[in-house]
Amino acid sequence: MLEDYIPIPTADAERYLRAGCWRRQTLAQAIGDAARRHAAERPDAIAIRDARRAISFAALLEESSRIAATLERRGIKRGDRIIVQLPNRVEFATLLVACAEIGAIPVMALPALRQAELEYLITLAKPVAIAVAPTYRGFDHVALARELRRRAPELRIILTTEPAEGGIDFGSVAEPGPPIGSRGGDPFDVSILLLSGGTTGLPKLIPRSHADYLCSAEACAAVCGFNPATRLLLALPVEHHFPLGAPGLVGALLSGAATIFSESTNASDLMRVADAEQITHLPCVPAIALSILGLAERDRHGFATLRVISVGGQRLQEPTARALRRVFPHLQVQQVLGMSEGLICYTRLDESDDVACTTQGRPVSPDDEIRVVRADGTEVAAGETGELWCRGPSTIRGYYRAADANRAAFTADGFYRTGDLVRQTPSGNLIVEGRIKDQINRGGEKISAEEIESHIIAHPAVSAAAVVAMPDPRLGEKVCAFVKLAPGGSLSLEELSVHLAQRGLARFKFPERLEVIDVMPLTNVGKIKKAELKRTIEIRLAAEHTKGAASAPAPRANVDLAEEN
Ligand code: AMP
């Protein structure tokens, strides 16, 4: 087992095995078996397509087997970590399967992450390799990877999707290795490390085992109605748990469904792909749903084959859900409340429109346990709002190498404290009412306030900084920084952005508004009153909105979220 991994205790593991939600297979064995079956039944069926190429299930197995052999030849072995920072491309999937086959553990880093985040991940995960596309969205990822390798010699190998100086083009090797699934492995060991949004402090690593990941992907695939006729459009960055395993790519591979990758989240691009590929399922965040609704009527026909739009990552407002149903009457709206730590809730496809439009669903597995609790940990009365705690066959029992955080984030009996405020309806569905974690949810991307504050405070003109969420009609929330200046200091938003870029922070985390204040409001124990700052910016924005409403430009309906990152 991976050192420092906190597995689900044996008694619970045995219960999950007896219940049938866990099986004794690795991801490589399960995907290998499924892909062989689908290749035999439908040799011409596409397993994965991206903007450049498509591969069948048989080709997926063969390519993954070659990559597995390449990784082994380079000395990568079971338990070794590989930072994966790839765009939505076929190579992501083949590398994932190859890693699962040899027992290497991908650390799922977004392509948008930059030096600061990657260095932190390297310190924490001690990877031997990093996988990147040489240039993506104008950024030279290989140059950064070489710099990271220079600073951290244990990071020996740069894997690239195309030939690049200092990298190994991992798809180009000719010799195939043993079949996918043949090497075996421990189903209860870590298969992947996901990134948490960070409830406090810096993001944590989330160790997911083969058994728990398969269990969740299968349960989600069943709830979303995946089958071999499903054509899934994945536009959210696939390193996120929602497009990767809830049910996402993994659920699609297990179900024999076709996965169509998009590198763009622009609604017009999605419409064109949906039309060309006869897409049936689209997982997305509310901002994408809104931009789809913003398409001109003549462009909506592209979604004619779409059956299910699953919206999660952020609260979907009821009017948006109802508008989706009205504008696309053939479409079922499915809400999902999910977290990389494990619990996934979905509204069910056979439930009423009211449930789908007003709740965020219920757990996908009958073995998921949830509690809604007060601050003191006692359960609230039925229907009251409280913090959501969860435990179950796919929910971790601890972050990787984060003993202090684990003491705060998990109860003694293994429940994960989500930091989300919810209430439960009589039908068992959850409604998200807010959160108690210090986070900004920008269009579904989670940003840890503390992480940004630590970078802002490093600016010489700043004496105190607090970062809060400010409301945004399209992204739900954006980052607003409140700053108290050092004597004689001055700072503009542009200067702050330059400073954060120099510190190597991903762009999507940059504050989009700066408020300079004379006094930081503090509680009597010296903590910054964030709720007060949040109210201040909400009031200011509302006043500006009223004043500027007449002259304001029309909201952009059709934007690409990832480009903004
Ligand atoms: P992540 O692990 O990055 O997917 O983030 C998980 C968190 O996203 C949850 O704990 C919630 O705070 C938030 N979240 C996910 N889905 C929803 C939803 N449907 N409504 C409200 N918040 C959500």
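What counts and what doesn't
- Residues numbered from 1 in each chain as written.
- Predicted model: local features only at pLDDT ≥ 70, side-chain atom pairs only at ≥ 80, totals over all residues.
- Heavy atoms only, no water.
- Near = heavy atom within 4 Å.
- Polar contact = N/O pair within 3.5 Å; in protein donor to acceptor, adjacent residues only side chain to side chain.
- Areas by Shrake-Rupley, 256 points an atom, 1.4 Å probe, with all protein chains shown as cover.
- Helix = DSSP H or I, 4+ residues; strand = E, 2+ residues; numbered from the N terminus.
- Nonpolar A, V, L, I, M, F, W, Y, C, P; charged D, E, K, R; others polar.
- Buried < 20%, exposed > 50% of the residue type's maximum accessible area, 1.4 Å probe, protein only.
- Arc of directions from axis to C-beta.
- Contact = heavy atoms within 4.5 Å.
- pLDDT = per-residue confidence, 0-100.
- Pairing = 2+ DSSP bridges.
- Axes fitted to C-alpha atoms, helices over the stretch in contact; angles between N-to-C directions.
- Domains from an automatic or database assignment.
- Buried area = accessible area lost by both parts, 1.4 Å probe.
- Salt bridge = Lys/Arg side-chain N within 4 Å of Asp/Glu carboxyl O.

### Overview of the site of the ligand
In step 1: The environment of the ligand is formed by 15 residues, the closest being Val336, Ser340, Asp420, Lys437 and Lys446.
In step 2: One of the backbone N or O atoms of Gln314 is found 3.5 Å from a nitrogen atom in the ligand.
In step 3: If the ligand stood free it would expose 490 Å²; the protein chains cover 90% of that surface.
In step 4: Take the shell around the ligand: its biggest share by element is 3 residues, from strand β16 (residues 332-338).
In step 5: Its residues assigned to classes, the shell around the ligand shows 4 nonpolar, 6 polar and 5 charged.

### Some thoughts on helix α12 (residues 318-327)
In step 1: Those residues of α12 that fall on the buried side of the exposure criterion are Thr320, Ala321, Ala323 and Leu324. For α12, the angular spread of buried residues about the axis comes to 160°, placing them on one side. Across α12 from its buried face, at more than 90 degrees, point the exposed residues Pro319 and Arg326.
In step 2: Looking at the buried residues of α12, the elements they touch are α11 (286-293), β15 (308-312), β16 and α13 (353-358).

### Remarks on the confidence of the model for the protein chain
In step 1: Confidence in the prediction of the protein chain, expressed as mean pLDDT, is 95, and 96% of residues score 70 or more.
In step 2: Across residues 554-559, where pLDDT falls below 50, the model places 14 contacts with residues more than four positions away in sequence or in other chains.

### Let's talk about the side chain of Gln85
In step 1: Along the polypeptide, Gln85 turns up in strand β3 (residues 81-85).
In step 2: When its relative accessible area of 2% is taken as the criterion, Gln85 is described as buried.
In step 3: Looking at Gln85, its side chain comes within polar contact range of the main-chain oxygen of Leu110, at 3.2 Å.
In step 4: Within polar-contact distance, the side chain of Gln85 engages the side chain of His141 at 3.4 Å.
In step 5: If we ignore the near neighbours within four places in the chain, the residues touching Gln85 are Ala109, Leu110, Pro111, Leu113, Leu118, Ile130, Ala131, Val132, Ala133, His141 and Glu239.

### A word on the sheet that holds strand β22 (residues 430-435)
In step 1: Read across the open sheet, the 4 strands follow the order β19-β20-β21-β22; overall the sheet is antiparallel. Among the strands making up the open sheet, the edge pair consists of β19 (369-373) and β22. Strand-to-strand, the axes of this sheet are offset by a mean angle of 45°, without reference to chain direction.
In step 2: As paired strands, strand β20 (residues 386-391) and strand β21 (residues 416-424) are joined by 4 bridges and run antiparallel to one another. Paired with Glu387 across the strands is Leu421, a residue of β21.

### Some points on the side chain of Glu91
In step 1: Relative to the assigned elements, Glu91 resides in helix α4 (residues 90-102).
In step 2: On the basis of relative accessibility, which here comes to 13%, the residue Glu91 falls in the buried class.
In step 3: Among the polar contacts listed, one links the side chain of Glu91 to the side chain of Arg53, at a separation of 3.2 Å.
In step 4: Residues within four places of Glu91 in sequence aside, it is in contact with Asp50, Arg53, Leu86, Thr161 and Phe170.

### Notes on the domain arrangement of the protein chain
In step 1: Domain annotation for the protein chain reports domain 1 (57-185) and domain 2 (440-564).
In step 2: Domain 1 and domain 2 are separated by 34 Å when their C-alpha centres are compared.
In step 3: Listed as interface residues are 8 residues of domain 1 and, on the opposing side, 11 residues of domain 2.
In step 4: When domain 1 packs against domain 2, close to 620 Å² is buried across both sides, 56% of that on carbon and sulfur atoms.
In step 5: Area buried by domain 1 at its contact with domain 2 is led by Ala116, Glu117 and Arg137, which between them contribute 61% of it.
In step 6: Two residues, Glu117 and Lys509, come together in a salt bridge whose shortest N-O distance is 2.9 Å.
In step 7: On the surface where domain 1 and domain 2 come into contact, there are 4 residue pairs in polar contact (both at pLDDT 80 or more).
In step 8: For the side of domain 1 that touches domain 2, the residue count by class is 4 nonpolar, 1 polar and 3 charged.

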